[in-house]
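Per-entry structural report
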Amino acid sequence: LSTVATLACALGSASAFVPSAPTSSTRTDLALSAFESDRRSAFGTIGAALVGGAAAAFLSAAPLPASAAANYERQWLTEPTDEFLANEARAAEFKREQIRLKVEFQKAIDKLVKESTTEEELRGDLEYLQDLVARTGGLPAGIKKEELYKQIRSKKAKGFWPTSVEYAYQQLIFEVAFQQSPNKDKELGRP
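Residues numbered from 1 in each chain as written. Predicted model: local features only at pLDDT ≥ 70, side-chain atom pairs only at ≥ 80, totals over all residues. Heavy atoms only, no water.

1. Digging into helix α6 (residues 145-157)
Note on helix geometry: an α-helix contains 3.6 residues per turn, so any two residues three or four positions apart are oriented the same way. Convention followed: Runs of H or I in DSSP of at least four residues are treated as helices and runs of E of at least two as strands, each being numbered from the N terminus. Given the number of residues in a helix, its expected span is that number minus one, multiplied by 1.5 Å. Summary of the burial criterion: residues with accessible area below 20% of their type's maximum are buried, those above 50% are exposed, and those between are partly exposed, where the area comes from a 1.4 Å probe applied to protein chains only. This arc describes the spread of directions from the helix axis toward the C-beta atoms. Note on definitions: a residue-residue contact is assigned when non-hydrogen atoms from the two residues lie within 4.5 Å.
With 13 residues, α6 extends 18 Å between its outermost C-alpha atoms, agreeing within 8% with the 18 Å of an ideal straight helix rising 1.5 Å per residue. Where α6 is concerned, the buried positions are L148, Y149, I152 and K155. Along the long axis of α6, the arc covered by the buried residues comes to 120 degrees, so they all point the same way. Turning to α6, the residues buried within the fold contact α4 (82-115), α5 (119-136) and α7 (163-180). Directly after α6, the chain includes G159, whose backbone phi takes a positive value near 135 degrees.

Okay, structure coming up:
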């Protein structure tokens with residue numbers, strides 16, 4: 001179908017959707033109703049022409065030639081790129097390092113919770129954990145700070161927890177917060 005033929009069909013049928021003018025008994029009402037009728041029919045004709053034109057453009061759009069469709073085939077890589085392999089190697093190295101750090105952290109936490117009994121041992125283990133957090137830039141993947149605090153508080157709840165150990169515990173909490181906060185300028189050190 002051509003665009004002109006489609007527009008002619010649309011314009012001819014547009015009047016079928018325009019409501020008829022209401023009948024009035026007075027002369028003023030007749031004049032207003034004739035004006036409204038003309039305005040409504042004009043809007044109806046314009047609307048139908050727009051709809052018909054859009055439909056004609058859609059129907060008459062030429063399909064892609066076969067050569068263009070043939071050039072638009074998906075191409076899959078058969079071999080990974082060098083950038084992808086380098087990125088995968090970095091990710092694997094990061095994962096190995098995080099696992100190694102998690103093991104080191106877990107040993108220190110287990111020593112604190114299960115083995116340490118004296119004030120010096122408890123304070124030393126907490127200071128060692130604080131140093132680990134500072135050296136590694138935070139907690140490793142797989143150790144959540146809430147879980148760390150929960151394990152330390154379980155040791156605290158068992159009874160012996162001197163003031164110097166509490167100070168070391170609070171310093172550990174501050175160090176974890178400092179290292180994991182994106183709002184601190186770490187190059188300047190701790191305040």
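2. Focus on the pattern of salt bridges
Rules: Salt bridges are defined by distance alone: a side-chain nitrogen of Lys or Arg within 4 Å of a carboxyl oxygen of Asp or Glu.
A complete count under the given rule lists 9 salt bridges for this structure. Between D125 and K111 there is a salt bridge; the shortest N-O distance is 2.9 Å. Of this pair, D125 sits in helix α5 while K111 sits in helix α4, placing them 14 residues apart in sequence. A relative accessible area of 7% means that D125 is categorised as buried. Of the residues examined, K111 reaches a relative accessible area of 38% and is grouped as partly exposed.

3. Thoughts on the packing of aromatic side chains
Worth spelling out the cut-off: Classification of ring pairs uses Phe, Tyr and Trp, with its six-membered ring standing for Trp, and accepts pairs whose centres are within 6.5 Å; under 30 degrees between planes counts as stacked, over 60 as edge-to-face, and the remaining range as tilted.
All chains considered together, the criterion is met by 2 aromatic pairs. Ring plane angle 90 degrees and centroid distance 6.4 Å describe the contact between Y149 and Y169, whose orientation is recorded as edge-to-face. In this pair, Y149 is assigned in helix α6 and Y169 in helix α7, connecting sequence segments 20 residues apart. Judged by its relative accessible area of 11%, Y149 is buried. What makes Y169 buried here is its relative accessible area of 4%. Between the aromatic rings of W161 and Y169, the centroid separation amounts to 6.1 Å while the plane-to-plane angle is 80 degrees, which identifies the pairing as edge-to-face. W161 gets classed as buried once you look at its relative accessible area, which sits at 13%.

4. Concerning the nonpolar core
Stated formally: In plain words, nonpolar cores are sets of buried Ala, Val, Leu, Ile, Met, Phe, Trp, Tyr and Cys residues tied together by side-chain atoms within 4.5 Å.
Membership of the largest hydrophobic core comes to 21 residues, with the highest contact counts inside it found for F105, L126, L129, L139, L148, I152 and L172. Taken together, the elements giving at least two residues each to this core come down to α4, α5, α6 and α7. Residues contacting L172, with those up to four places away along its chain left out, are L126, L129, Q130, V133, L148 and I152.

5. So, the packing of α6 against α7
Any two packed helices are characterised by the angle at which their axes cross and by the distance between the axes. Put simply, the rule is: The convention used is that axes are lines fitted to C-alpha atoms, helices contributing only their stretch in contact, and that angles between N-to-C directions extend from 0 to 180 degrees. With respect to orientation, any angle under 35 degrees is reported as roughly parallel, any angle over 145 as roughly antiparallel, any angle of 65 to 115 as roughly perpendicular, and every other angle as oblique. Each residue gets one label: Ala, Val, Leu, Ile, Met, Phe, Trp, Tyr, Cys and Pro are nonpolar, Asp, Glu, Lys and Arg are charged, and the others, such as Gly, are polar.
Remark: α6 packs on α7, axes separated minimally by 12 Å, with the N-to-C direction vectors making an angle of 180 degrees. Between α6 and α7, the angle falls in the class roughly antiparallel. When α6 is examined against α7, the residues K145, L148, Y149, I152, R153 and K156 are found in contact with a partner set consisting of E166, Y169, L172, I173, V176 and Q180. Within the contact of α6 with α7, the residues separate by chemical class into 7 nonpolar, 1 polar and 4 charged.

6. Comments concerning the environment of V176
Residue placement: V176 occurs in helix α7. Residue V176 is classed as buried on the basis of its relative accessible area, which comes to 0%. Put simply, V176 and G138 are 38 residues apart on the chain and 5.9 Å apart in space, counted from C-alpha to C-alpha.

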